[in-house]
Amino acid sequence: MKKIILLIVCCLVALFVMLSIDDKLTDDTKTLINSLMKTNDSEAFVYALGIYAAIDENPVVVGSSLLKKYQESELNDSYEINEYPATKKLSLPTGELFCSFREDECLNILFYSGINLEKLIKKHDVLTQRIVTFYNYFEYTTLTKPFVTEPFPPLQYLSAAARLQLLNAIHIHRNGNSQLAMSVLNSLLFHLRHALSLQDTLLGKMLFLQELSDVVDTMSIIYHQSNTRIDKIAPLNISEKTLAQIFAREFAAHYNTFEYISKQTEHLRKGVRVPLWIIRLWYKPNMTINAVTPYFKKLALLSELPHVQFVEDIKKVNTVDLSTSNFRNYYGNFLIAISIPTYDKYISRLLDFDAKLILFNHLNKNIKTTPNPYYKYAVPVILDDRVCFEGPLEDRHLIRCLRTK
């Protein structure tokens, strides 16, 4: 009987040890983690953090102060961040002139609103000056630790500033100088593309891409209203289009988050403490991150493909198995299911923008026969106020469409 009990105990101990052991990080996982560009200095990022500083304060000084607080909170969970006082922040322009181009009436408001554009632009000239300073940086690296809940620069200020520049061009066009308005928009296009190429976060990349899309739509409308001469716009280059570094950062954010969760003793229900040795039985952070590594590797490659190849390869990416052992890593599987978004839509937006540029470059030709870059022999869909290409994914942001009215 004692031998049987001893055997059972030994088996239980062996089972416990087996269930507690995590996998080692794979070579591919290590490579992806190490591929993230690391630097301790980026004035462009610091400037963006503090772009809403009061008129009499330097955005770099304010941004540096905020960065120190954010980095301190990364080392100490109990550290309380004192954010920059809302009462001191630069005024953020809002209202109907800052509508989304997806809204049916947005462009009518921008072109025909009775709001005094000159007065509005002058009121927020400090913000406009600051976005010009931001454009003049030739580097940009996010200095906060990649994490699911990490703080980001106030992107709404960057977006509002770009809209003010767009409104300035519309104001010039409405005053009868459409050619000058087009020159202003071409200059804005150049600066936005520069900012796009430097972004290393998904939020930043998508923000500047949307601003670019809005500029091209505005140029198209001015062309249709004035028949002003337009210049051909080059497609996105590899530095503007690639998401390799961004996906490396997204991967690092998930890796850091999975590691953080493995050290927390409050699980399932707030206030209920669970010993770490029990957590280890049903959650393996290394096994979890190893499971998603192939998915992120394929995403990085997918972001650099041409349109036709993207249509074919997107099916392969979506069939990557992200699951691990339910027996050894039940909670890890749960985390993967709730935390890994569908990233292919972001790659698609960049390709969709290139498709918009193709439509724009055919404005003074026969746009109805413009070849669709996604599908051989397909032509655009002509609507009352826009012309659109069909594509493999839904275009909720209308980036694949070119506005004509």
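In what follows, the structure referred to is the one given above.
In short, a report on the structure. (Residues numbered from 1 in each chain as written. Predicted model: local features only at pLDDT ≥ 70, side-chain atom pairs only at ≥ 80, totals over all residues. Heavy atoms only, no water.)

## Section: the overall build of the protein
For clarity, the threshold we go by: A helix here means a DSSP run of H or I that spans at least four residues, while a strand means a run of E at least two residues long, and both kinds are numbered starting from the N terminus. Per-residue accessibility, obtained with a 1.4 Å probe over protein chains only, is compared with the maximum for each type, and a residue is labelled buried under 20%, exposed over 50%, and partly exposed between these values. A contact between two residues is defined here by any heavy atoms of the two lying within 4.5 Å. Under the convention used here, a 1.4 Å probe and the Shrake-Rupley method define accessible areas, while residue burial counts only the protein chains that appear.
When helices and strands are counted, the protein shows 17 helices and three strands. Within the span of the protein, comprising 405 residues, buried residues form 51% of the whole. Considering only intrachain contacts with a sequence separation of at least 6, the fraction spanning at least 24 residues in the protein is 73%. Summing over all exposed atoms, the protein offers an accessible surface of approximately 20600 Å²; the carbon and sulfur share of this is 57%.

## What to know about helix 9 (residues 178-198)
Here is the rule we go by: In a helix, the anticipated span is given by 1.5 Å times the number of residues less one.
For helix 9, built from 21 residues, the straight-helix expectation of 30 Å at 1.5 Å per residue is met to within 8% by its first-to-last C-alpha distance of 31 Å. Listing the buried residues of helix 9 in full gives Ser178, Ala181, Met182, Leu185, Leu188, Leu189, Leu192, Arg193, His194, Ala195 and Leu196. Those residues of helix 9 that are buried are in contact with helix 7 (125-135), helix 8 (155-174), helix 10 (202-226), helix 11 (238-241) and helix 17 (344-360).

## As for the sheet that holds strand 3 (residues 401-403)
Where we set the bar: Two strands qualify as a pair provided that DSSP identifies no fewer than 2 bridges between them.
Here we have three strands laid out as an open sheet, ordered 1-2-3, and antiparallel in their pairing. Where the open sheet ends on each side, the last strands, each with one partner, are strand 1 (381-382) and strand 3. Summarising the sheet, strand 2 (residues 386-388) and strand 3 pair through three bridges and their orientation is antiparallel. The partner of Arg386 across the bridge, within strand 3, is Arg403.

## Quick word on the packing of helix 2 (residues 27-34) against helix 12 (residues 244-262)
For any two helices packed against each other, the geometry comes down to the angle between their axes and how far apart the axes lie. The test is simple: The angle between two axes is taken between their N-to-C directions and runs from 0 to 180 degrees, where each axis is a line fitted to C-alpha atoms and a helix contributes only its stretch in contact. Put simply, angles under 35 degrees are roughly parallel, angles over 145 are roughly antiparallel, angles from 65 to 115 are roughly perpendicular, and the rest are oblique. By definition, turning the near helix anticlockwise from the far helix through less than a right angle yields a left-handed crossing, and turning it clockwise yields a right-handed one. Residue polarity is assigned by list, with Asp, Glu, Lys and Arg as charged and Ala, Val, Leu, Ile, Met, Phe, Trp, Tyr, Cys and Pro as nonpolar; anything else, Gly included, falls into the polar class.
The contact between helix 2 and helix 12 brings their axes to 8 Å, and the two run at 115°. Looking at the two axes, helix 2 sits roughly perpendicular to helix 12. Every pair of crossing elements has a handedness; the one defined by helix 2 and helix 12 is left-handed. Seen from helix 2, the contacting residues are Thr29, Leu32 and Ile33; seen from helix 12, they are Ala248, Phe251 and Tyr255. Taken together, the residues that form the contact of helix 2 with helix 12 break down as five nonpolar, one polar and no charged.

## Some words on the packing of aromatic side chains
To be explicit about the condition: Only centres within 6.5 Å qualify two rings of Phe, Tyr or Trp (six-membered ring in Trp) as a pair; their planes then separate them into stacked at under 30 degrees, edge-to-face at over 60, and tilted for everything else.
All told, the structure shown has 14 aromatic pairs when counted by the stated rule. Aromatic pair Tyr295 and Tyr343: ring centres 6.4 Å apart, planes at 45°, arrangement tilted. Of the two residues, Tyr295 sits in helix 14 (residues 285-302) while Tyr343 sits in the loop between helix 16 (330-339) and helix 17, which places them 48 residues apart along the sequence. An identical accessibility class is assigned to Tyr295 and Tyr343; each is buried. Three or more aromatic residues link up through ring pairs in this structure, and these residues are Phe247, Phe251, Tyr295, Phe296, Tyr343 and Tyr346.

## Overview of the packing of helix 2 against helix 14
At a minimum axis distance of 9 Å, the contact between helix 2 and helix 14 shows a crossing angle of 65°. Here helix 2 runs over helix 14; the crossing is left-handed. Of the residues in helix 14, those in contact with Asp28, Thr29 and Leu32 of helix 2 are Ile289, Asn290, Thr293, Phe296 and Lys297. Per-class residue counts for the contact of helix 2 with helix 14 are three nonpolar, three polar and two charged.

## Notes on the environment of Lys284
As for its placement among the helices and strands, Lys284 is situated in the loop between helix 13 (276-282) and helix 14. Since its relative accessible area comes to 0%, Lys284 is described here as buried. Counting along the chain gives 40 residues from Lys284 to Thr324, while the straight-line C-alpha distance between them is 9.7 Å.

## Structural notes on the nonpolar core
To keep things clear, this is the line we draw: By convention a nonpolar core is built from buried Ala, Val, Leu, Ile, Met, Phe, Trp, Tyr and Cys residues, the set being connected through side-chain atoms within 4.5 Å.
The biggest cluster of nonpolar side chains holds 114 residues, and the ones touching the most others in it are Leu110, Phe134, Tyr135, Phe208 and Phe296. Excluding residues that lie within four positions of it along the chain, Phe134 makes contacts with Ala44, Tyr47, Ala48, Tyr140, Leu158, Ala195, Gln199 and Phe208.

## A look at unusual backbone geometry
A positive phi angle is found at Tyr377, which is not glycine, with a value near 75°. Mapped onto the elements of the fold, Tyr377 is located in the loop between helix 17 and strand 1. Residues other than glycine seldom take positive phi values, yet Leu398 does so here, at roughly 55°. In this structure, Leu398 sits in the loop between strand 2 and strand 3. By relative accessible area, which is 18% here, Leu398 ends up buried.

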